Amino acid sequence: NAGVTQTPKFQVLKTGQSMTLQCAQDMNHNSMYWYRQDPGMGLRLIYYSASEGTTDKGEVPNGYNVSRLNKREFSLRLESAAPSQTSVYFCASSAAGHLEGGSEKLFFGSGTQLSVL
Amino acid sequence: RKEVEQDPGPFNVPEGATVAFNCTYSNSASQSFFWYRQDCRKEPKLLMSVYSSGNEDGRFTAQLNRASQYISLLIRDSKLSDSATYLCSFNFNKFYFGSGTKLNVKP
């Protein structure tokens, strides 16, 4: 059981380049999330998708776009990368939606280390 | 004010020690609470959920204090393998995370 798979694991971009981070889960989860993690900042939510066909902004959405392609896949796109987007990116999924509360936990992918020069 | 605050540490303790971390949250309507463990350069993994009555899983005990708006994690008989960063998290419409507390267990 693969869980949450994200690609690539590492990426170096030049300022202004674009790229898409891919994420897929095989747990039939409704909700999917993109976080970034910077030293001393913890995990900050970029975008989330409570269900197929819906997406919403998180805490730090500027400079990013997302697509919930189907129930399994949730991609994150950087249209014009900036050095401030150098970070580790994690995709996650959960069975319940954000708004449903409860004790649902998040399952994380293994992360993408992105450097923007 | 940050939604979630944690002491970043590091906490340097000898094997066998008992260590406790606290995490404060700002939203009194928060619904569910968690502790995650994150090893260096790895993804966070759920360590345990935190229930209102407190809960224990082996050497780990989690507690919730709604009146003072904090959760705690107690690790007894620390092992070298407990060395990691511990992230607290709570859910109120979104999952919020603290910045993590680093634990180093020394021989």
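For the structure, see preceding data.
The residue numbering used here restarts from 1 in each chain and proceeds along that chain's sequence as written. Here the convention is simple: chains get letters from A, ligands get numbers from 1, in the order in which they are written. Only residues with pLDDT of 70 or above have their local features reported here, since the model is predicted, and side-chain atom pairs are shown and tallied only from 80 upward, although totals for entire chains, interfaces and linings are computed over all residues. Computation of side-chain values: all heavy atoms of the structure, hydrogens and water removed.

Draft legend 1. Quick look at the overall build of chain A. Numbering of helices and strands runs from the N terminus; a helix is a DSSP stretch of H or I covering at least four residues, while a strand is a stretch of E covering at least two. Looking only at helices and strands, one finds 0 helices and 11 strands in chain A. Along chain A, from the amino end to the carboxyl end, the secondary structure elements read β-β-β-β-β-β-β-β-β-β-β. A globule of 117 residues ought to have a C-alpha radius of gyration of about 13 Å, and chain A, at 13 Å, matches this closely. Once the C-alpha set of chain A is aligned to its principal axes, its extents read approximately 40 × 25 × 25 Å. In what follows, residue pairs with any heavy atoms lying within 4.5 Å of each other are defined as contacts. By sequence separation, contacts in chain A at least 24 residues apart represent 57% of the contacts at least 6 residues apart. As displayed, chain A offers around 5,300 Å² of accessible surface, 49% of which is attributable to carbon and sulfur atoms. Of the charged side chains in chain A, 10 are positive and 9 negative; the average position of the first set lies 7 Å away from that of the second. In this description the radius of gyration comes from C-alpha coordinates, and the expected globular size is given by 2.2 Å times residues to the power 0.38. Surface accessibility in these figures is a Shrake-Rupley result with a 1.4 Å probe; residues are shielded only by whichever protein chains are displayed. Counted charges follow a simple rule, with Lys and Arg positive, Asp and Glu negative, and His plus the chain ends left uncounted. To locate a charge, the coordinates of NZ of Lys, CZ of Arg, CG of Asp or CD of Glu are taken.

Draft legend 2. Here's a closer look at the pattern of salt bridges. Take a side-chain nitrogen of Lys or Arg and a carboxyl oxygen of Asp or Glu: if they are within 4 Å of each other, that pair is a salt bridge. Using the criterion set out here, one finds 7 salt bridges over all chains in the structure. A salt bridge links Asp 77 of chain B to Lys 79 of chain B; its shortest N-O distance comes to 2.9 Å. Salt bridges sharing partners connect three or more residues here, namely Arg 36, Asp 38 and Arg 44 of chain A.

Draft legend 3. The arrangement of the environment of Tyr 51 of chain B in detail. Residues and elements named next belong to chain B. With respect to the secondary-structure elements, Tyr 51 resides in the loop between strand S5 (45-50) and strand S6 (55-57). Burial classes follow relative accessibility: with a 1.4 Å probe on protein chains only, a residue under 20% of its type's maximum area counts as buried, one over 50% as exposed, and anything between as partly exposed. With a relative accessible area of 44%, Tyr 51 lands in the partly exposed category. In sequence terms Tyr 51 and Lys 94 are 43 residues apart; their C-alpha atoms lie 18 Å from each other.

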